[in-house]
Each structure stands twice: as C-alpha cells, then as structure tokens.
Amino acid sequence: MKRTILHVDLDAFFCSVEELRDPELIGKPFVVGGSAEGRGVISSASYAARKYGIRSAMPTARALTLCRDLIVLPARHRIYGEHSRQVMKLLRDSAPVVEQISIDEAFLDVSDDPRGGPQVALELKNEIRERFKLTTSWGVASNKLVAKIATEVGKPDGLVVVPHGEEAAFLAPLPVGMLWGVGPKTQVRLAEHGVRTIGDLAGMSESNLERLIGEHGLDLATKAKGTDERPVTDERETHSMSSERTFELDIADSNELKSILLQLCGNVGQRLRKEELAGETVKIKLRWPDFTTLTRQTKLEQPTNQDGEIYQAAMRLFKRVWREGRPVRLLGVGVSDLGPPVRQLALFSQAWEQDRRLLRAIDEIRARYGSSALQRGGALKRKYKRRSSREENDVS
Ligand code: TTP
Ligand code: MG
Ligand code: MG
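The following refers to the structure shown. (Residues numbered from 1 in each chain as written. Chains lettered and ligands numbered in written order. Predicted model: local features only at pLDDT ≥ 70, side-chain atom pairs only at ≥ 80, totals over all residues.)

1. Structural notes on the overall build of the protein
Right, so step 1: The number of helices and strands found in the protein is 16 helices and 13 strands.
Right, so step 2: Taken over 396 residues, the protein has a buried fraction of 39%. (Helix = DSSP H or I, 4+ residues; strand = E, 2+ residues; numbered from the N terminus. Buried ≥ 20, exposed ≤ 12 C-beta atoms within 10 Å, placed from the backbone.)

2. Considerations on the nonpolar core
Right, so step 1: Counting 65 residues, the largest nonpolar core has Leu-6, Ala-150 and Leu-201 as its most contacted members.
Right, so step 2: Among the elements that take part in this core, helix α6 (residues 144-154) stands out by supplying six residues, more than any other.
Right, so step 3: Summarising the domain contributions, this core has at least three residues from each of domain 1 (14-77) and domain 2 (171-232).
Right, so step 4: In this structure Ala-150 touches His-7, Gly-139, Val-140, Ala-141, Val-160, Val-162 and Tyr-369, once residues within four positions along its chain are discounted.
Right, so step 5: One finds Met-241, Leu-261, Val-268 and Ala-278 within the second-largest nonpolar core, a separate group that totals 25 residues. (Core = buried A, V, L, I, M, F, W, Y, C linked by C-beta atoms within 7 Å. Domains from an automatic or database assignment. Contact = placed C-beta atoms within 7 Å.)

3. Structural notes on the site of ligand 1
Right, so step 1: Near ligand 1, the surroundings consist of 16 residues, among which Phe-13, Phe-14, Ser-43, Ser-44 and Ser-56 are the closest.
Right, so step 2: Elements supplying a minimum of two residues to the shell around ligand 1: β1 (5-10), α1 (13-21) and β3 (42-45). (Near = placed C-beta within 6 Å.)

4. Some words on helix α13 (residues 307-321)
Right, so step 1: Taking 1.5 Å per residue, 15 residues should reach 21 Å; α13 reaches 21 Å between its end C-alpha atoms and fits that length.
Right, so step 2: Within α13, burial applies to Ile-310, Tyr-311, Ala-313, Ala-314, Leu-317 and Phe-318. In an axial view of α13, the angular spread of the buried residues amounts to 170 degrees, which keeps them on one side of the axis. Counted as exposed and oriented over 90 degrees from the buried face of α13: Gly-308, Lys-319 and Arg-320.
Right, so step 3: Elements in contact with the buried residues of α13: α12 (254-274), β10 (278-287), β11 (293-304) and β12 (328-339). (Expected span 1.5 Å × (residues − 1). Arc of directions from axis to C-beta.)

5. A few points about the packing of α1 against helix α4 (residues 77-94)
Right, so step 1: Interhelical geometry of α1 versus α4 gives an angle of 95 degrees and a closest axis separation of 10 Å. Comparing their axes, α4 and α1 come out roughly perpendicular. Taking contact as the criterion, the partners of Phe-13, Phe-14 and Val-17 in α1 are, on α4, Ile-79, Tyr-80 and His-83.
Right, so step 2: Considering only residue class, the contact of α1 with α4 consists of five nonpolar, one polar and no charged. (Axes fitted to C-alpha atoms, helices over the stretch in contact; angles between N-to-C directions. Parallel < 35°, antiparallel > 145°, perpendicular 65-115°, else oblique. Nonpolar A, V, L, I, M, F, W, Y, C, P; charged D, E, K, R; others polar.)

6. Digging into the pairing of strand β2 (residues 30-33)
Right, so step 1: Side chains Phe-30 and Val-32 project from β2 onto one buried face, and the interleaved Val-31 and Gly-33 project onto a second face that is buried too.
Right, so step 2: In this structure, β2 lies alongside strand β4 (residues 71-73), joined through three bridges in parallel fashion. Each bridged residue has a counterpart across the sheet, and for Val-32 the counterpart in β4 is Leu-73.
Right, so step 3: The sheet contact formed by β2 and β3 spans three bridges and is antiparallel. Counterpart to Val-32 in the pairing with β3 is Ser-44. (Pairing = 2+ DSSP bridges.)

7. Notes on α1
Right, so step 1: When α1 is considered as a whole, its buried residues turn out to be Phe-13, Phe-14, Cys-15, Ser-16, Val-17 and Glu-18.
Right, so step 2: On its buried face, α1 is in contact with β1, β2, β3, β4 and α4.

8. Section: the sheet that holds strand β8 (residues 159-161)
Right, so step 1: If you trace the five strands from one edge of the open sheet to the other, you get β5-β6-β1-β7-β8, paired in mixed fashion. The two strands at the open ends of the sheet, each matched to only one other strand, are β5 (97-102) and β8. The sheet shows a mean angle of 15 degrees between the axes of neighbouring strands, direction not considered.
Right, so step 2: Two elements, β5 and strand β6 (residues 105-109), share five bridges in a ladder whose sense is antiparallel.

9. Focus: the sheet that holds β4
Right, so step 1: Across the sheet, which stays open at both edges, the three strands sit in the order β3-β2-β4 with mixed pairing between neighbours. With one partner strand each, in any of the chains shown, β3 and β4 form the two edges of the open sheet. Shown here is a sheet whose adjacent strand axes are inclined to one another by a mean of 30 degrees, direction ignored.
Right, so step 2: Along the sheet face, α1 touches β2, β3 and β4 and points at about 65 degrees away from the line of β3.

10. A look at the pairing of β11
Right, so step 1: Two elements, β10 and β11, share eight bridges in a ladder whose sense is antiparallel. Each residue of the ladder has a partner; that of Val-282, found in β11, is Thr-298.
Right, so step 2: Linkage of β10 to β11, two consecutive antiparallel strands, is achieved through a turn of five residues, within which Phe-291 is found at a positive phi near 75 degrees.

11. Section: the packing of α4 against helix α5 (residues 117-132)
Right, so step 1: Interhelical geometry of α4 versus α5 gives an angle of 140 degrees and a closest axis separation of 11 Å. Handedness of the α4/α5 crossing: right-handed. Here α4 contributes His-83, Gln-86, Val-87, Leu-90, Leu-91 and Ser-94 to the contact with α5, which in turn contributes Leu-124, Glu-127, Ile-128 and Phe-132.
Right, so step 2: Counted by class, the contact of α4 with α5 contains six nonpolar, three polar and one charged residues. (Left-handed = near helix turned anticlockwise from the far one by under 90°.)

12. Observations regarding the environment of Glu-99
Right, so step 1: In this structure, Glu-99 sits in strand β5.
Right, so step 2: Considered as a pair, Glu-99 and Asp-234 are 135 residues apart in the sequence and their alpha carbons are 4.9 Å apart.

13. Re unusual backbone geometry
Right, so step 1: Here the bond from Lys-155 into Pro-156 is cis, since omega is -10 degrees, no more than 30 degrees from zero.
Right, so step 2: Phi is positive for Asp-337, close to 60 degrees, though the residue is something other than glycine.
Right, so step 3: Locating Asp-337 in the fold gives a position in strand β12.
Right, so step 4: We classify Asp-337 as partly exposed; it has 15 C-beta atoms within 10 Å.

Written as structure tokens, this is what we have:
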C-alpha cells in the first residue's frame with residue numbers, strides 16, 4: 001500500500017527559541033552551546049553563524065576563530081523542552097500516528113488524510129509559525145528515509161515533496177553521506193572507487209558493494225534506491241539498551257574490571273549503531289558480593305553511539321563508586337534517552353560544501369521538488385570469585 005509520510009524538523013531550534021525571547025538576536029551570528037573556556041561544543045547555530053561555516057558539534061573555541069563577533073549563549077534546556085512539547089502536542093492532535101524522534105523532529109503517517117501530504121504539511125507549517133512563531137522544514141514522501149532527506153534538502157523553511165515512484169531519482173544526485181549508515185570512513189572508501197552520490201551507490205553491483213562495504217552493503221543499496229519499509233510508530237519501541245555480566249568469581253582487579261567495562265560498552269555501542277540509534281544518558285550498574293546493587297547515570301552533552309564515548313562516561317561513573325580492591329559480582333552498562341544519532345549531515349560538511357557540482361545538483365532538486373507550496377521567509381508569515389560468566393543484553 002502506498003503510504004504518505006511527513007517528516008518535520010524545526011529550523012535552528014535552540015537558536016530560534018532564543019530569538020523569540022530576545023529579538024535583538026535575529027539575523028546575528030550566534031550559537032547556543034558550551035563556553036570556549038570550558039571546552040564546550042555548539043548545540044545549535046543560527047543561520048547567520050552557519051554562513052561562517054559554524055555547525056553543531058563544533059568546539060566553540062574553533063567557531064570563535066571562524067567568526068570573532070559570534071555570540072555564545074548557554075543552553076536553557078527546560079525552555080526548549082517546553083516549546084518542543086507544545087509543537088509535538090499540536091502534531092499529535094493533528095495526525096493519527098506521530099513518532100517523535102528527537103527534541104525537534106517527528107514523522108507523521110498521514111496516508112489516510114484526504115487532503116494529501118503536501119497540503120497537510122503546509123497547513124501544519126503555517127499553524128506552527130502562527131501559534132508558536134517557529135519555522136519548520138518538511139519532507140513529504142512515501143517513506144521515512146526519503147521524507148527525512150527531503151526535509152534536509154529544503155532547509156530552512158522548506159517544504160519538499162517527493163512524488164511516489166520518484167524516490168530513487170530524487171536521491172540519485174545527493175552525496176552518499178546523506179544516507180544513514182554511511183559514516184566518514186565509508187564515504188572515503190566509496191569516494192576512492194568513484195562512488196560519491198547516492199545514485200552511484202544504487203548503481204553498484206551487489207558483489208562490488210559487498211567487497212567494498214561488507215555485509216552492510218546490500219542494506220545500503222536498498223536505501224540508496226529509496227526503499228524503506230519501516231513503519232511510523234507512536235512510541236519508540238526502544239527506550240534503552242544495556243549489557244551486563246555476572247561473574248563466576250567476584251572480580252577485584254582494576255584492569256580486569258576496566259576491560260570488561262570496555263567490552264560491555266562496545267557491545268552496547270555496536271547494537272545502537274546497528275539500530276541507527278544514539279543515547280544521551282549513560283548508566284552503570286554494579287552489584288557487590290552481598291547482592292546490594294547500585295546504579296549511577298550521567299547525561300551527555302549530545303547523544304552518542306560510539307564505544308569510546310560510552311566508555312569514558314561509564315568509567316567516570318565507575319571511578320566514583322568503586323574503591324581499589326573492592327570485589328564486584330556484576331557489572332553492567334546501559335544507554336538510554338535514545339533517538340537518531342546526531343551527526344553532521346554530509347550535505348553540510350565542509351568537503352561537500354567545496355564540491356560545486358553537488359551543490360548545483362542540490363539546488364536543482366530544490367527547484368524541482370520544492371512544492372508550489374514552498375515559499376521562503378515573509379511569504380508564509382501571513383498565512384562479577386567468578387561464577388560462569390553470564391552476559392545479558394537488554395532492550396527495553
Ligand atoms: P537539529 O535539528 O539537528 O539542528 P537545529 O534545529 O539547530 O538546526 P536545523 O535543524 O535547522 O539544521 O537539532 C535540534 C536541536 O538539538 C538543536 O537546536 C540543538 C540540539 N543539538 C545539540 O544539542 N547538539 C547537536 O550536535 C545537534 C545536532 C543538535
Ligand atoms: Mg532542527
Ligand atoms: Mg532535528
């Protein structure tokens with residue numbers, strides 16, 4: 001059955017909320033993020049700041065070298081959360097199935113709406129602007145993968161419609177890095193073989209793909225052709241992912257415990273990456289020989305699915321509670337607050353920015369698929385002694 005899926009993402013979300021509270025900021029290069037002194041990173045960059053090449057996840061110190069006048073504001077998560085809840089409530093009241101995937105992003109399945117996808121998106125876009133004074137970008141397509149990429153292509157303040165049957169043609173000219181699952185390393189390897197666009201990837205033979213990328217290759221090829229059967233689900237099925245081990249004999253050796261912690265983190269990281277998820281909270285669980293159990297958790301600056309980052313956080317927690325020589329019966333690591341991984345979409349990464357050919361291709365796509373509804377700016381305003389080691393993985 002043909003589906004109509006909408007994807008929506010708020011433009012420069014944290015920055016837009018700050019602009020609502022202080023209109024003086026409008027049009028200025030500013031960011032929300034950690035301080036340069038505190039070795040912080042940027043959470044959100046205003047579009048004026050992006051003209052200098054400043055992006056989310058960039059160290060604030062580096063951003064300041066790109067733009068001396070950059071204004072750096074500390075994050076006010078409680079306020080962003082309130083705005084997010086208002087917008088998400090409107091979406092849930094307007095569509096039968098809504099899946100929120102991050103603080104400022106959601107999928108809507110509107111297959112049964114007689115108005116049609118583009119019209120529903122336009123009406124919601126206008127309503128969000130009128131009621132909440134926030135701009136959004138929308139992608140309309142037959143599946144999640146294509147809808148999400150359509151949103152990226154139209155940003156900011158966009159509405160990009162990919163008609164049924166045109167999924168592969170729409171994706172073809174875009175850089176391979178825009179596909180979930182193509183990280184920087186894979187991108188380099190593919191580029192060495194002349195594979196730069198999603199279309200190049202879709203055109204590769206199965207044997208070449210497997211040789212170049214491994215078993216993951218065929219899965220990528222399916223995506224490259226614009227196929228994605230994942231349903232829009234009301235609730236995220238996965239809220240956390242964890243791995244724990246009960247030892248046959250209690251362990252008191254610090255190196256051994258660290259090495260087990262590292263393995264557990266690797267296990268959780270790998271499963272998160274496989275599911276294309278990342279989490280913001282890292283948790284450890286420790287059980288002493290007398291069966292008393294303790295958990296500790298910490299919130300990260302941004303979601304991760306990287307073994308090393310999970311390990312660093314888990315190790316910090318572990319050091320707080322474990323004293324040298326104390327035997328441990330069970331050790332566990334978990335990551336929760338799951339959502340899509342935060343990453344620099346290749347569309348906006350520097351390498352691609354320097355590639356004029358690709359940028360031209362993206363402009364052409366915007367011209368072709370930006371629906372007649374696509375209007376920018378003002379126009380829309382109107383309107384562990386060792387027991388047999390048992391390892392358990394958990395998804396909850
Ligand atoms: P995004 O939607 O990725 O970014 P954005 O809304 O700032 O900009 P745009 O969508 O127009 O490209 O993320 C939503 C919010 O999540 C963002 O405003 C701040 C937060 N965030 C971080 O804290 N760290 C990050 O690395 C990213 C990407 C986002
Ligand atoms: Mg956003
Ligand atoms: Mg987002």
